[in-house]
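Fold and geometry: a report
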Amino acid sequence: MSFDIIIQGGTLATHQTSQKVDIAIQDGKFAAIGGLSAKSVESAKQIISVEGATILPGVIDTQVHFREPGLAAKEDLQSGSLAAVMGGVTAVFEMPNTDPPTTNAEAIADKLARAQGRMHCDFAFYVGGTDDNAADLPALEQMDGVCGVKVFMGSSTGNLLVADDEGLARILQHITRRAAFHSEDEARLLARRDLREKDKVATHMVWRDVETALLATQRLLKMARQAGKKIHVLHVTTAEEMALLADNKDIASVEVTPQHLTLQAPDCYERLGTLAQMNPPIRDATHQAALWQGVQTGIVDVIGSDHAPHTKEEKAAPYPQSPSGMPGVQTLLPLMLNHVAEGRLTLARLVELTSYNAHKLFQFANKGEVKIGNDADLTFVDLQAKREISENWLASRCGWSPFMGEKICGWPIGTMIRGQRVMWEDELVESARGQPIKFRLNDTPN
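Residues numbered from 1 in each chain as written. Predicted model: local features only at pLDDT ≥ 70, side-chain atom pairs only at ≥ 80, totals over all residues. Heavy atoms only, no water.

1. Observations concerning the nonpolar core
Ranked by internal contacts, the top residues of the largest apolar core, which has 72 residues, are V92, M119, F181, I231 and V256. At 6 residues, the largest contribution of residues to this core is made by helix 2 (residues 77-86). The residues touching V256, leaving out its near neighbours within four places in the chain, are V236, M242, L261, L291, V295, V300, V302, I303 and G304. Ranked by size, the runner-up nonpolar core spans 23 residues in total, among them A265, Y269, L394 and C398. (Core = buried A, V, L, I, M, F, W, Y, C linked by side-chain atoms within 4.5 Å. Buried < 20%, exposed > 50% of the residue type's maximum accessible area, 1.4 Å probe, protein only. Helix = DSSP H or I, 4+ residues; strand = E, 2+ residues; numbered from the N terminus. Contact = heavy atoms within 4.5 Å.)

2. As for the pattern of salt bridges
Using the criterion set out here, one finds 30 salt bridges in the structure. Where E51 meets K20, a salt bridge forms, and the shortest distance between an N and an O atom there is 2.5 Å. Here E51, found in the loop between strand 6 (46-49) and strand 7 (54-57), pairs with K20, found in strand 3 (residues 18-20); they are 31 residues apart in sequence, far enough to count as distant. Neither residue differs from the other here; E51 and K20 are each classed as exposed. Notably, a salt bridge pairs D122 with K367, separated by 2.7 Å at the nearest N-O pair. Remark: K367 occurs in the loop between helix 15 (347-362) and strand 16 (378-388) and D122 occurs in strand 10 (residues 122-128); sequence separation between them is 245 residues. As far as the burial class goes, D122 and K367 line up, both buried. Where salt bridges share partners, they join K29, D122, K367, D375, D377 and R418 into one cluster. (Salt bridge = Lys/Arg side-chain N within 4 Å of Asp/Glu carboxyl O.)

3. Overview of the side chain of N366
Turning to its location among the elements, N366 is positioned in the loop between helix 15 and strand 16. Accessibility expressed as a relative area gives 13% for N366, which makes it buried.

4. Structural notes on the environment of N248
Along the chain, N248 turns up in the loop between helix 9 (239-246) and strand 14 (252-256). A sequence separation of 158 residues divides N248 from T90, and the C-alpha atoms of the two residues are 30 Å apart. Contact partners of N248, with chain neighbours within four places excluded, come to L221 and R225. Reaching out from N248, the side chain makes a polar contact with the backbone oxygen of L244 at a distance of 2.8 Å. (Polar contact = N/O pair within 3.5 Å; in protein donor to acceptor, adjacent residues only side chain to side chain.)

5. Concerning the pairing of strand 18 (residues 420-424)
Sheet topology places strand 17 (residues 407-417) next to strand 18; 4 bridges connect them, and they run antiparallel. Residue pairing across strands places I417 opposite Q420, the latter belonging to strand 18. Between strand 17 and strand 18, which follow one another and run antiparallel, lie 2 residues, and R418 among them has a positive phi close to 50°. By the bridge criterion, 2 bridges tie strand 18 to strand 19 (residues 427-428) in an arrangement that is antiparallel. Pairing of W424 across the sheet is with E427, part of strand 19. The turn linking strand 18 back onto strand 19 is made up of 2 residues, and E425 within it adopts a positive phi angle of 50°. (Pairing = 2+ DSSP bridges.)

6. Describing unusual backbone geometry
That bond from N279 to P280 is cis: its omega, -15°, falls within 30 degrees of zero. The phi angle at D27 is positive, at roughly 55°, despite the residue not being glycine. Checked against the element boundaries, D27 lands in the loop between strand 4 (23-26) and strand 5 (29-33). Unlike most non-glycine residues, D426 shows phi in positive territory, near 70°. Along the polypeptide, D426 turns up in the loop between strand 18 and strand 19. The exposure class assigned to D426 is partly exposed, which follows from its relative accessible area of 26%.

7. Comments concerning the packing of helix 9 against helix 12 (residues 285-297)
Relative to each other, helix 9 and helix 12 sit at 25°, their axes nearing to 8 Å. By the angle between their axes, helix 9 is roughly parallel relative to helix 12. Packed against helix 9, whose contacting residues are A239, E240 and M242, the element helix 12 presents H287, A290, L291 and G294 at the interface. When the residues that make up the contact of helix 9 with helix 12 are grouped by side-chain class, the tally is 4 nonpolar, 2 polar and 1 charged. (Axes fitted to C-alpha atoms, helices over the stretch in contact; angles between N-to-C directions. Parallel < 35°, antiparallel > 145°, perpendicular 65-115°, else oblique. Nonpolar A, V, L, I, M, F, W, Y, C, P; charged D, E, K, R; others polar.)

8. Section: the side chain of D306
As for its placement among the helices and strands, D306 is situated in the loop between strand 15 (302-303) and helix 13 (312-315). Despite being buried, D306 has no salt bridge partner; K150 is the closest side chain of opposite charge, sitting 6.3 Å away. One polar contact links D306 to H65, side chain to side chain, over a distance of 3.0 Å. Filtering out sequence-adjacent residues up to four positions away, D306 remains in contact with Q63, H65, H235, T257, Q259, M278, N279 and M326. (Lys, Arg positive; Asp, Glu negative; His and termini not counted.)

9. Digging into the environment of R192
For R192, the position within the fold is in the loop between helix 6 (186-191) and helix 7 (204-207). When its relative accessible area of 18% is taken as the criterion, R192 is described as buried. As for R192 and I60, which are separated by 132 residues in sequence, their C-alpha atoms are 36 Å apart. Contacts of R192, omitting those with residues within four sequence positions, involve V206, W207, D209 and T212.

10. Looking at the environment of G117
Mapped onto the fold, G117 is located in the loop between helix 3 (105-115) and strand 10. For G117, a relative accessible area of 57% translates into the label exposed. For the pair formed by G117 and R433, sequence separation is 316 residues and the distance between their alpha carbons is 6.0 Å.

11. Quick look at helix 14 (residues 332-341)
Burial runs high along helix 14: 9 of the 10 residues are buried. Within helix 14, the full set of buried residues consists of L332, L333, P334, L335, M336, L337, N338, H339 and V340.

Below, the structure is given as structure tokens:
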């Protein structure tokens, strides 16, 4: 058989093994993996030699905020997806807190139209669950290009908020797919607002304390179990939540961010000021250790960047006028590769956290695993490369990262989407060709 592309010389790392194999691609799909005859290799239209590189299934970032429409000064679908592919990310789930918010069919259709011909990676969009659209969610979450429903239980960036049990119960009653939740208790946030001290960003974690997160997650788990629905708890930050979620894995999947695994209070606030401000907040070493234990023992299912850019000028405002959030889609993989190099997790576990588990949880039709017939999405990395995260490497419109100047071991050197190289050796080599992710939809939550 003649193939369009054969990739030779690399070591393919999966959620199970790492082995040196040849990978054949035909019509943008994986067509053969290993065991290729000399005749097949000779007849291939293109040979790509990646001797010494490690090949990962295409990295998927399941939480980004690309700010379009309405907030394009911070980011848009083009610039955010460029940052993604430059960092080795092949697909993203984009969040609904735009202006206007993504809460109806028209808004979803508008985002899909905006993405065509402009997004560099593949994509899916969350629809925002609100107090008003619960009855519409079963139809909305089945639309092409929709990855599910996102609910803000505590106020963050944007005006989406479902604060009370009545609204939450209504959404859980109607959804059919696994829904994602920002789990902070709004009543406690409101009651503790006076704990924020002017120009003291470290009080952000005092205001949005452990109990604020734990109360919301306890409520959410109880109500999801009563409704018989499955949930995805975003950016978990506390030891208490991690222990609770470990006992509820039958209904709850768990995300952590590279920021919470890498930055640590109080040092981050002293060094970075408001650049370290995000929701939920960066916490101290005790909580970070619990997050790592969750990663290492399988409680954590996915790593999402929670890429949430703001301009430098906005972040320079005095706390608490400064907005919460930081960019992260481009640095997700370098940071996690550095953690691999330092022995905090294995390469197989990294693959689980960045592609394979997302495929299982959200039921991709043809992504998340290097498997014959799947989209040929690959991320090529040099595990030995030593690089520094620099401003001139960053592609996000906001132009900054809390990790600028960090020295990293392990670096993305190529991004391939559906058989086309998009980023290669720090250069964009293909025009925007992102397409909506396809899902296997059914009438029961995944």
